[in-house]
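Residue-level structure breakdown
In case you want the letters, here they are:
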Amino acid sequence: MRKRNVLTGETGAGKSILVDSINAVLGQRTSKELVRHGADNASVSAVFENVDSAVMQKAAELGLAFDDDDSLIITRRISAQGKSNCRVNGTPCTLTMVRELGSMLVNIHGQHDSQQLLNPDFHCSILDLTGDNSDYLSEYQSAFKKLVAIRKRLKVLTSDADTKDRRLEILDYQIKELTDADIKVGEKDELTARRNLVMNSQSIANAMQEVLGAVNGDDENAGVQGVTATLLQTVSDISNVDSKSKALYDLLDMLSDNIERVKDAANERLAELDFSENELEKIEERLDILYRLGTKYGETEEEMLSFLENAENERNSIVNSDEELEKLNGEYDSAYDDTVKAAEALCKYRRTLADKLEKDVCEQLAFLDMPKIKFVVNIERGKLSSNGFDSVEFLISTNPGEPPKPLAKIASGGELSRIMLAIKNIIAKNESVETLIFDEIDTGVSGATSRKIGYKLKSVSEHTQVICVTHSAQIASVADTHLLISKDYRNGRTYTSVSRLDYEQRKAELARIMGGLEITDSLLQSAEELLNNN
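Residue positions are given per chain, counted from 1 along the sequence in the order it is written. Under the rules for a predicted model, residues below a pLDDT of 70 receive no local features and side-chain atom pairs below 80 are neither given nor counted, while totals for whole chains, interfaces and linings still include all residues. Only hydrogens and water are set aside; all other atoms, that is, all heavy atoms of the structure, feed into the side-chain values.

Some words on the packing of helix α12 (residues 279–297) against helix α13 (residues 301–319)
Here α12 crosses α13 at 60 degrees, and the two axes come no closer than 9 Å. Judged on the interaxial angle alone, α13 and α12 are oblique. Judged by the twist between their axes, the crossing of α12 over α13 is left-handed. Contacts between α12 and α13 involve L290, L293, G294 and Y297 from the first element and E303, M304 and F307 from the second. Polarity classes work like this: nonpolar for Ala, Val, Leu, Ile, Met, Phe, Trp, Tyr, Cys and Pro, charged for Asp, Glu, Lys and Arg, and polar for all others, with Gly in that last group. Considered class by class, the residues forming the contact of α12 with α13 number five nonpolar, one polar and one charged. Convention adopted: a line fitted to C-alpha atoms gives each axis, helices being fitted over their contacting stretch, and angles between N-to-C directions are expressed from 0 to 180 degrees. Strands here are runs of E lasting at least two residues and helices are runs of H or I lasting at least four, both read from the DSSP assignment and numbered beginning at the N terminus. Should an angle fall under 35 degrees it is taken as roughly parallel, and over 145 as roughly antiparallel, whereas 65 to 115 is taken as roughly perpendicular and any remaining angle as oblique. Note on convention: near helix rotated counterclockwise from far helix by under a right angle means a left-handed crossing. Clockwise means right-handed. Any two residues whose heavy atoms approach within 4.5 Å are treated as being in contact.

This is the structure in structure tokens:
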């Protein structure tokens, strides 16, 4: 059996702050008002030990690591400007990631949850939680998802004929324009390089002529090639009598070869500079075409060719849409039949759940001093949606002979709290959440009923850890652990603290809750009786 925990304290002691802090560390929406005045930020941390394997799997999917002892530490820091940053086991993460984990760790039931009972939109999901087989819902949702995908495709194919014609006209123009352009990958870079060459050809030619002039020489000056040849002959003549001159001869011979290569390279470059008069104009025209097409279809040749391929595929799809439409109509009929079949199986399963839920809720409420109540789960057939075609609404009749009516028209605050507690007790066996927090579940109920609510919370704790914030001595007395929330004032500041009470302290706290300002011996004796009669 897991621990039953209660938190009590005087009004204004900070119980709501504690619940708000838990909501904050679970990734729920919060406010910068949580930050103490004058402080830069507020920090909230929660430690979860021996977490469920499903939580570990979800954490792994989110890229979060676990400690060796399967514990989980969530920390959230909220700045005075309202910004948040979160960490799980020291790893930074988003609020969305924390919310996903938090929803699997803790379920907080407060007055807001009771109000959800007034909204029929939530009733179908509540009914599903009372069952232990989610295959019916998952199989239906898989079939419905497939049906929706086919429907979207059909909607595109069956769009207005004029729209198709206009689209085909646009596609034909785009395809022709790109096809006529005969685009080649890398063409733009090649043309740009060629244009630079043409524009600078005169400067290049002058430089090559200067190189050749220096190599060949003229009537007045011997060129580098001639001078080198003369030196080579001179050294050759003395190499027979001076063996050490052989090395110099080899160097001059190498120089002569390199000069010949320079001469060949210069002549070759001059030959390459043979341009037609209108080549530059043609290059500019081609680059202009590529630029213009690039502004419409993609900056690079690859992007333009990809656009062309997609346009051709889309055109083929439209042209062949009649054939595809016939095929999709057949697929839609089949998918619709599968979806309806799955929806009917889901509905049949839900009706079984509804019969059991009606009986179980009435039994629970009878124990909670609502013996005459009639609880009805009304299921009607509606349009197909992501949850089937079932329209589910909870109805009650609080007086015999009166027909069941929607909760919003009949149920009081206290009745709503008890109905929600009854449902929580029923679904606790199937919920994977390991901690349930009840925030003032005793609102609007009497002392005797509060005692029974305490026993129901005790029953819930057989399947999950329970934490209950309460003003009821009857509920507080059935807890395994009693925590007191209190305020004190130090150095002009207010501090909220939580302390664990021993047996004698619990008696005093229960007496305070029952009696108010003055704690008498009779109140202490009554408190002791409550503690001893669990």
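Description of the packing of aromatic side chains
Pairing of aromatic side chains requires ring centres within 6.5 Å, counting the rings of Phe and Tyr and the six-membered ring of Trp. Pairs whose planes differ by under 30 degrees are stacked, by over 60 edge-to-face, and all others tilted. Counted according to the given criterion, the structure contains five aromatic pairs. Seen in terms of ring centroids, Y297 and F307 are 4.8 Å apart; in terms of plane orientation they differ by 50 degrees. Their pairing is tilted. Of this pair, Y297 sits in helix α12 while F307 sits in helix α13, and the two are ten residues apart along the sequence. Exposure remark for Y297: the relative accessible area of 7% places this residue in the buried category. Accessibility expressed as a relative area gives 27% for F307, which makes it partly exposed. With centroids separated by 6.3 Å and ring planes inclined at 25 degrees, the aromatic side chains of Y332 and Y336 adopt a geometry described as stacked. Separated by four residues within a single helix, Y332 and Y336 lie in helix α14 (residues 321–367), roughly one turn from each other. It is R36 that lies over the ring of Y495; its NZ or CZ is 4.9 Å from the centre. Throughout, exposure labels follow a simple rule: accessible area from a 1.4 Å probe, protein chains only, divided by the maximum for the residue type, with under 20% read as buried, over 50% as exposed, and the rest as partly exposed. Charge-over-ring placement is defined geometrically: NZ (Lys) or CZ (Arg) within 6 Å of the ring centre, and within 35 degrees of the ring normal.

A word on the sheet that holds strand β9 (residues 405–406)
To summarise the sheet geometry, strands pair through backbone hydrogen bonds and adopt either a parallel or an antiparallel arrangement. Here, strands pair whenever DSSP counts at least two bridges between them. Taken in spatial order, the three strands line up as β7-β8-β9 in an open sheet, and their pairing is antiparallel. Edge positions in the sheet fall to β7 (374–385) and β9, since each of these pairs with one other strand and no more. Here strand β8 (residues 388–397) runs beside β9; their pairing, made up of two bridges, is antiparallel. The residue of β9 that forms the bridge with L395 is P406. Its contacts with the sheet put helix α6 (residues 135–157) on β7 and β8, and the angle it makes with β7 is roughly 30 degrees.

Quick word on the state of the cysteines
Note on terminology: pairs of cysteine sulfur atoms within 2.5 Å are recorded as disulfides. All chains considered together, the criterion is met by zero disulfides. Of all cysteine sulfurs, the one in C86 lies closest to C93, which takes part in no disulfide; the gap is 5.6 Å. The exposure class assigned to C93 is buried, which follows from its relative accessible area of 13%. Not engaged in a disulfide, the cysteine C124 finds its nearest cysteine sulfur in C347; these two sulfurs lie 9.6 Å apart.

Examining helix α1 (residues 15–25)
K15, V19, S21, A24 and V25 are the residues of α1 that are buried. A positive phi of about 90 degrees marks G27, the residue just after α1.

Remarks on the packing of helix α9 (residues 201–216) against helix α10 (residues 224–238)
Orientation of α9 relative to α10, taken along the N-to-C sense of each, is 30 degrees, at an axis distance of 4 Å. It follows from the interaxial angle that α9 and α10 lie roughly parallel. Packed against α9, whose contacting residues are A214, V215 and N216, the element α10 presents V224, Q225 and G226 at the interface. Here the contact of α9 with α10 is built from residues that sort into three nonpolar, three polar and no charged.

Regarding the pairing of β7
Bridge analysis of β7 against β8 gives nine bridges, and the strand direction is antiparallel. Bridge assignment links N378 to a residue of β8, and that residue is E393. In textbook terms, the turn of a hairpin is the stretch between consecutive antiparallel strands, and for β7 and β8 this stretch comprises two residues.

Thoughts on the sheet that holds strand β1 (residues 4–8)
Pairing is mixed in the open sheet, where six strands are placed in the order β6-β10-β11-β1-β12-β13. Only two strands of the sheet have a single partner each, and these edge strands are β6 (106–109) and β13 (493–500). Pairwise comparison of adjacent strand axes, ignoring direction, gives a mean angle of 20 degrees for this sheet. As paired strands, strand β10 (residues 435–439) and strand β11 (residues 465–469) are joined by five bridges and run parallel to one another. Residue D439 lies in a different strand from β11, and its bridge partner there is V469. Here helix α19 (residues 503–515) sits on the sheet and contacts β1, β12 (481–490) and β13; the angle it forms with β12, its principal contact strand, is near 75 degrees.

Quick notes on a negative patch on the surface
Candidates for patches are residues over 30% relative accessible area with no salt bridge; among them, like charges are joined within 9 Å and nonpolar side chains (Val, Leu, Ile, Met, Phe, Trp, Tyr) within 5 Å. For every accessible area listed, the method is Shrake-Rupley and the probe measures 1.4 Å; residues are considered covered only by the protein chains on display. For this document, the term salt bridge refers to a Lys or Arg side-chain nitrogen within 4 Å of an Asp or Glu carboxyl oxygen. Charge convention: Lys and Arg are scored as positive, Asp and Glu as negative, and His as well as the terminal groups of each chain are ignored. Every charge is mapped onto a representative atom, which is NZ of Lys, CZ of Arg, CG of Asp or CD of Glu. A grouping of D253, D257, E260, D264 and E268 is seen on the molecular surface, where their side chains present a negatively charged patch. For E260, the position within the fold is in helix α11 (residues 245–272).

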